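Residues per chain are reported as follows:
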Amino acid sequence: MLPSQVLFPGAQQPVSLPVCDHYAGSEKLMRKSMALQQELGPLFDITFDCEDGAAAGNEAAHAELVASLIVSPDNVYRRIGARLHDVGHAHFEQDVAIICGAAARELAYVMLPKPEGIDDVQRALESINRVARSAGRPQLPVQVLIETHGALADVARIAALPQVQSLSFGVMDFVSAHYGAIPGSAMRSPGQFDHPLVRRAKLEIAAACHAHGKVPSHNVSTDIKNPAAVADDARRAAQEFGYTRMWSIHPDQIRPIVQAMSPTSEEAGTAAQILLKAQAVQWGPIQHEGNLHDRASYRYYWSILQRAHATGIALPPETAPWFARGDALSTTQ
């Protein structure tokens, strides 16, 4: 039996996504990011931005550009999503009509920014589903950006929505929403990891995601000229806060994020050894290097192995059937 058949019997498997989500808001940057994804492979997602990262004043044409690029042959891996305007914005319905109407089948996901709570998310889902179903996509995956007090208060309920696959943290909007009560230093490192209110928000988002099998995605690193700082942010987000994905806002940030959030070759090798031993005894308990393992720890090592495979780490050839047969966790709901 394959890992998912044994480790998640009769249960919804956790969502698995690439560890880096790269944002691009202009045509030049969109095309550049697509070319880089073709070069590196689907090690990272791309989100075409219709909101804060895009120029204002030409929204319809921009949405049409986003849709045209997503349905183009250059979208080789079908790992490109779109950030729409927020549900209360005058251009939200237009974004949905143009982007979901034309590109629903090819979209990896849509990102919903600035919801004030679960009611906003559900209202947005109604519009998205109405258009996407008509375009032949009944369950278009949705990601949600948590950056308001109301969304944080509802974070567990939002994470529980079946169509939601990931929650991201918007640190700059969240800090701004406190009107100076949180210092601006909390928008960047080390303050973003140290300020109690920001730490609380990050931890609640990560906990809600893991409770419902969704992917917590960490906010951007604004230091675009220092790859080492970006890598350190990614490591802290993963190791201290439980995030398994992170935003990129510059192409030079992609590789440091992927490297920092990927398992090491040693971790992947250990995971493979343990799972291959487990499979050999029909997934019963085993001993490995003096330690007992059973299905409780196998779930952990299977998650490590999936992330290793998704980020291109070489694995023992004996594990190939687990991935060739589509046994890796799904990126859709």
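I will try to describe carefully the structure that is included in this document. Remember, predicted model here, so these are calculated numbers, not experimental data. (Residues numbered from 1 in each chain as written. Predicted model: local features only at pLDDT ≥ 70, side-chain atom pairs only at ≥ 80, totals over all residues. Heavy atoms only, no water.)

Digging into the overall build of the protein
Part 1 of the reasoning: Along its length, the protein carries 15 helices and ten strands.
Part 2 of the reasoning: Expressed along its principal axes, the backbone C-alpha trace of the protein runs to roughly 60 × 45 × 35 Å.
Part 3 of the reasoning: Within the protein, buried positions represent 54% of all 333 residues.
Part 4 of the reasoning: Taking contacts inside the protein between residues at least 6 apart in sequence as the whole, the part at least 24 apart equals 72%.
Part 5 of the reasoning: When the accessible surface of the protein is split by element, carbon and sulfur atoms take 53% of a total near 14,300 Å².
Part 6 of the reasoning: When the 28 positive and 34 negative side-chain charges of the protein are each reduced to one mean point, those points stand 4 Å apart. (Helix = DSSP H or I, 4+ residues; strand = E, 2+ residues; numbered from the N terminus. Buried < 20%, exposed > 50% of the residue type's maximum accessible area, 1.4 Å probe, protein only. Contact = heavy atoms within 4.5 Å. Areas by Shrake-Rupley, 256 points an atom, 1.4 Å probe, with all protein chains shown as cover. Lys, Arg positive; Asp, Glu negative; His and termini not counted. Charge placed at Lys NZ, Arg CZ, Asp CG, Glu CD.)

Things to note about the environment of Ile182
Part 1 of the reasoning: Assignment of secondary structure puts Ile182 in the loop between helix H8 (171-176) and helix H9 (191-194).
Part 2 of the reasoning: Looking at Ile182, the relative accessible area reads 3%, which means it is buried.
Part 3 of the reasoning: Once the C-alpha coordinates of Ile182 and Pro196 are considered, the two residues, 14 residues apart in sequence, prove to be 9.5 Å apart.
Part 4 of the reasoning: Setting aside anything within four residues of it in sequence, one finds Ile182 in contact with Phe174, Val175, His195, Leu197 and Val198.

Looking at the environment of Leu197
Part 1 of the reasoning: Here Leu197 lies in helix H10 (residues 196-211).
Part 2 of the reasoning: Relative accessible area serves as the criterion here: at 34%, Leu197 is assigned to the partly exposed category.

Things to note about the packing of aromatic side chains
Part 1 of the reasoning: One pass over the structure, following the stated rule, counts eight aromatic pairs.
Part 2 of the reasoning: Three or more aromatic residues joined by ring pairs form one cluster here, namely Trp283, Tyr298, Trp302, Trp322 and Phe323.
Part 3 of the reasoning: In this structure, Lys202 is placed above the aromatic ring of Phe193, and the distance from its NZ or CZ to the ring centre is 4.2 Å.
Part 4 of the reasoning: In this structure, Lys202 packs its charged tip against the face of Phe241, placed 5.9 Å from the ring centre. (Phe/Tyr/Trp six-rings, centres within 6.5 Å; stacked < 30°, edge-to-face > 60°. Lys NZ or Arg CZ within 6 Å of the ring centre and 35° of its normal.)

Quick notes on the nonpolar core
Part 1 of the reasoning: Counting residues in hydrophobic clusters, the biggest one holds 75 residues, and the most contacted among them are Phe48, Leu107, Ile128, Ile146 and Leu167.
Part 2 of the reasoning: Sequence-distant contacts of Leu107, defined by excluding residues within four places in its chain, comprise Ile70, Ile80, Gly81, Ala82, Ile99, Cys100, Arg137 and Leu140.
Part 3 of the reasoning: Listed in part, the 22 residues of the second largest apolar core include Trp283, Ile304, Ile313 and Leu315. (Core = buried A, V, L, I, M, F, W, Y, C linked by side-chain atoms within 4.5 Å.)

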